[in-house]
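For reference, the chains in residue letters:
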Amino acid sequence: MKAYLMYPARDFDAEQEPPPGAAALTRDLELDTLLDAMAAGDDFLRGVARTALLCGPADPDTIIYRQQVLRDSLAKPAVVREIYGIAVQVILAERRIWWGIGSQYPETILHRSVEVMQLFMAALKLLRRIADSHAGGFCSDGFTRFFTMITKELGDDYFAAVDGHLRRLKFSGGVLVSASLGAGNAGTGHVLRTPRPARRGLAEVIGVGNRSAYTLTISDRDEAGARALSELSGRGINHVANALAQSADHILGFFRLLRTELAFYIGALNAHERLAATGGPACFPEPLPPAGAAFSAASLYDPCLALTAGTPVTGNDVSADGVSLVMITGANQGGKSTFLRSVGLAQLMMQYGMFAAAAALRASVCRGLFTHYKREEDATMTSGKLDEELARMSDIAAHITPGSLLLCNESFASTNEREGSEIARQILRAMRGAGIRVFFVTHLYDLARGCYAEPSASALFLRAERQPDGRRTFRLAVGEPLPTSHGQDVYADVFGARAGAGPPPQKDGS
Amino acid sequence: MFHSILFGDTPPAADLDSRPEPPFFHDLNLDQVTAWVTAGLGDYRLEPFFYTPLAAPGEISYRHEVFGDLAGEALLERVRAFAAGMRRVREELATARKLHYPRQRQRWFLESAATYCDAVTGLAADLRGAAITSRGFLGIREYLAGYVASDGFATLTAETTGLRADLAGVCYSMHIKGNRIRVRKYEGEDDYSEEVLAVFEKFRQGTVKDYRVRYPATQDMNHVEAGVLNLVAKLYPDEFAALDRYCERHAGYLDDTIARFDREIQFYLAYLAHIRPLQAAGLPFCFPRVSARSRQIRAEATFDLALALKLARDGEAVVTNDFHLGEGERVLVVTGPNQGGKTTLARTFGQLHHLARLGCPVPGRGAALYLCDEVYTHFEKEEDLATLSGKLHDDLVRFRDILDRATASSVIVMNEIFTSTTLDDAVFLGREMLAKIARIGALCVCVTFLDELASLDPACVSMVATVAPDNPAVRTYLVVRKPADGLAYAAALAARYGLGYDQLKGRLAS
């Protein structure tokens, strides 16, 4: 029995290693905000969502398979959450079934396995009931297959047969234990005995008047002997206990997989609800093969920013089909970093099989998504900033492949403009030549102007807008790079005066 | 009367122990220094001492003298032995506090007092003949001499010794049968352990897993052991009555001044323990001349302490540098190639000024430093989505905060500011900031890629990180006083990482 809700005929591996650069990606795209929304406080959901986001498939067919299952989930959230709840509950309940003092004793294993099996059968009956009453309302390939399997494999005859076995296996051996207590109440010199020793009533007569000795009466609970007894009496039932325990493990595996694969959709449901509450749009994107290098979106926005703000945020329209370089320039605080994040998140969410934070999106899948963002000073002091940036870019170069997407945020701004531009220019040329698409946010005017002057149709230039009065619209428009970033506006905003418009504020007493 | 080995007769502020880490610690990597120096010494709560600068040159020389005495290996060893004794006292007292049964607690308390008497008597004897000249050590010597000669201490020592001997004479035997334990004075019975083992040996069954429950060694006592102990106490009433009385009488045996000395001397020991290996590796430390008036500062063959501690662990060499500010000079502007040691020099400048006002030996062959009122740092921070504002804005806001608080007596360290904006903006903003700092009159070091700032003001002094003349890609980490020359050698660095166009093209094709 397989869940197969993530791939048409494959289990989802929640333990798989994230691809190279995943840590940087998580940080640069503020993925934690999205993961928080998907997890809704549940660490398990978070773990699955994280793996699935970072390891999204690169083929449109799987993406569409998942989109269908997610559409079903959005249409019937209560049913899907109920199935998930059953899986979660049963796994939780299994864990709560106490192994006993000595988990290696066959009778303990047997006793526990019977209890676990009863729990599992009850849960499987619930799944059957849900399949019976709701299967008709689902139309995705994934759910249709799942419900058909439940109905076929878990017939009434099957349940009846299992119940019979479990009743018979509820045999318990009459094991009797005896041991003496050693110094400090530590069990020493345990002797295994067949009959249960009758300890009460064997009171010892104490010599009266002798105060050179005192007697202490202690509890007669004797755990060590019980363990020893199990060792002897357990041999006969060892084999059957083992078989039943292994079967229980197999069923537990099914529930675990079901929980994992549904967690993926529950996470998407959670995020959808949260995003809907902000008023931002969501769409099922159209995944395309890598060849066309497509990326076109309407009202594309940063879902993490929307989730943080709790209100709709400015979206951007982008039409970058067939473009190998999107260069974003313009005003500080004009929404450039936000836009870059929205591109990266849209790509990740699409490949996960989720909706995207946009009114519409059609995009080529990418083989890998990499980010190269400016970093804080290296706390380990092993390198200077440019050195560190180059080392990271070299790392990316070692892993990136044709058909990948690279997001750069103010890369190579840690050296001066002329040299930063030259380094970036050479890297961009090589990357684009190798079939890698690059979105590049930069203040390097020298670089941006140089790229703009190139007679190439495969580059798109966006600029953060700025009103004549200096206010930002947080909207990007197609436009050529301009030679200033309006730092003077920010300066005026913070220090309360335009440059040269008067003396700076005096400090008290200085 | 002697008060404190750290603060002499000037008690520190009452809030000493609740002080947070100063804001500049992280930027200057002083948080790392503090963490390394205090590692494993958590009980002493030394961090506040590193956070709390001294305000007067006299207080600084008080510590210099103590450090001077501790340069002798013999004294250092004796103080360490005392500290080890006091640590055991605390452990034994902690054990006494956490245990449940009164008679357990009493015995641990007695042991702690014995350890305390030994440690104090030992240190008093050690100091009697020691060659010490510092006010601090002369003070504690005199104090200890008086303390060990006092009636109170003599009584404590005598009673401790006597009672321990009496308790060592207590011996009892337990006869355990069924659920009863019979306790009597030890009467010379034979050891039955071997015989018992032999009796039960024949019950062993081939190679099986060991199901015996292991009873971990623990100080905790279960109720049975405690019950036995109570019976033993009945058998030896005089000894246990004496123990009762002892604990009541000596409850507060720990002397405040000695306990304070024990904590505070760790500041010296911990710092010395970390600079000793550096000194052994040839790196100089010196007692700086610290002036509250002269702003003409200098340091020869100095270095970044955090970096040196790290490199020393990795067995790597440390490059030392000189800097000075003469009459009318207040701002060091450091330019030059990336990874050339600029930031390191800036950190060194800041660290030295803080270490100087802690009264510590500072890195360098010789140094004259200014007793500043506060150190401020402005290092680049990563973008934070939560603030929903742009990086440049944040940078400027942090700048304004610094400028609002800094005085002519402050030290300001600025590292690579305004790299997120264009060259034009960066020059404009850099000029504005430096002009404001020059007006305040604070001592400042400014690391920048903007050569223009180096000659901005007569108070500015240009320093340049140098490269090896024969290979521009090789950094020397030497930062020297000379005019800014605009060389950054970034492209050579890029080539080192295989990120030149031709190199990268080849890598991406493979």
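Residues numbered from 1 in each chain as written. Chains lettered and ligands numbered in written order. Predicted model: local features only at pLDDT ≥ 70, side-chain atom pairs only at ≥ 80, totals over all residues.

A. Representation of the confidence of the model for chain A in the model. Residues and elements named next belong to chain A. In this model, chain A carries a mean pLDDT of 79, and residues with pLDDT of at least 70 account for 77%. Contacts of residues 172-210 to residues separated by more than four positions or lying in other chains number 62 contacts, the stretch itself having pLDDT below 50. Here residues 498-510 is modelled with pLDDT under 50, and outside its nearest four sequence neighbours on either side it reaches 17 contacts, counting other chains as well. (pLDDT = per-residue confidence, 0-100. Contact = placed C-beta atoms within 7 Å.)

B. Representation of the pairing of strand 4 (residues 316-319) of chain A in the model. Residues and elements named next belong to chain A. Of the two faces of strand 4, only the one carrying Asn 316 and Val 318 is buried; Asp 317 and Ser 319 on the other face are not. The sheet contact formed by strand 3 (residues 295-300) and strand 4 spans three bridges and is antiparallel. Paired with Ala 297 across the strands is Val 318, a residue of strand 4. (Buried ≥ 20, exposed ≤ 12 C-beta atoms within 10 Å, placed from the backbone. Helix = DSSP H or I, 4+ residues; strand = E, 2+ residues; numbered from the N terminus. Pairing = 2+ DSSP bridges.)

C. Expanded view of the sheet that holds strand 6 (residues 321-325) of chain B. Residues and elements named next belong to chain B. Reading across from one edge, 4-9-5-6 is the order of the four strands in this open sheet, with mixed pairing throughout. Of all strands in the sheet, those with a lone pairing partner are strand 4 (289-291) and strand 6, marking the two edges. Across the sheet, the mean angle separating the axes of adjacent strands is 15 degrees when strand polarity is ignored. Pairing analysis gives three bridges linking strand 4 to strand 9 (residues 366-370), with the strands arranged parallel. Paired with Val 290 across the strands is Leu 369, a residue of strand 9. (Axes fitted to C-alpha atoms, helices over the stretch in contact; angles between N-to-C directions.)

D. Region of interest: helix 4 (residues 57-69) of chain B. All names here are of chain B. Counted at 1.5 Å a residue, the expected span for helix 4 with its 13 residues is 18 Å, and the 19 Å between its end C-alpha atoms agrees. What helix 4 keeps buried is the set Glu 59, Ile 60, Tyr 62, Arg 63, Glu 65, Val 66, Phe 67 and Asp 69. Where helix 4 is buried, its residues touch helix 5 (73-98), helix 7 (135-149), helix 12 (256-280), strand 4 and helix 14 (342-357). (Expected span 1.5 Å × (residues − 1).)

E. Highlighting the packing of helix 4 (residues 60-75) of chain A against helix 7 (residues 141-153) of chain A. All names here are of chain A. At a closest axis distance of 7 Å, the pairing of helix 4 and helix 7 adopts a crossing angle of 70 degrees. Taken together, the axis directions place helix 4 and helix 7 in an arrangement best described as roughly perpendicular. Side by side, helix 4 and helix 7 meet where Tyr 65, Gln 68, Val 69 and Asp 72 of the first sit next to Asp 141, Gly 142 and Phe 143 of the second. Along the lines of polarity and charge, the residues of the contact of helix 4 with helix 7 split into three nonpolar, two polar and two charged. (Parallel < 35°, antiparallel > 145°, perpendicular 65-115°, else oblique. Nonpolar A, V, L, I, M, F, W, Y, C, P; charged D, E, K, R; others polar.)

F. Fine view of the sheet that holds strand 4 of chain A. Residues and elements named next belong to chain A. As summarised here, the arrangement of the four strands in space is 2-6-3-4, forming an open sheet in which the pairing is mixed. Each having just a single partner strand, strand 2 (286-288) and strand 4 make up the two edges of the open sheet. Across the sheet, the axes of successive neighbouring strands diverge by a mean angle of 15 degrees, strand direction being ignored. The sheet contact formed by strand 3 and strand 6 (residues 360-364) spans four bridges and is antiparallel. From the neighbouring strand, Ser 296 faces strand 6, where its bridge partner is Arg 362. In the packing of helix 12 (residues 336-352) onto the sheet, contacts are made with strand 2, strand 3, strand 4 and strand 6, and the angle to strand 6 comes to roughly 75 degrees.

G. Structural view of the pairing of strand 6 of chain B. All names here are of chain B. What you see with strand 6 is a clean split: Asn 321, Phe 323 and Leu 325 sit on the buried side and Asp 322 and His 324 on the side with no burial. Direction of pairing for strand 5 (residues 297-302) relative to strand 6: antiparallel, over a ladder of four bridges. When the bridges of strand 6 are listed, Arg 298 appears paired with His 324.

H. Main features of unusual backbone geometry. Despite not being glycine, A:Ser299 shows a phi value in the positive range, around 50 degrees. For A:Ser299, a count of 18 C-beta atoms within 10 Å translates into the label partly exposed. The phi dihedral of B:Arg45 falls on the positive side, at around 50 degrees, and the residue is not glycine. Inspection of the secondary structure assignment puts B:Arg45 in the loop between helix 2 (30-38) and helix 3 (47-51). Overall, B:Arg45 belongs to the partly exposed group, with 13 C-beta atoms counted inside 10 Å.

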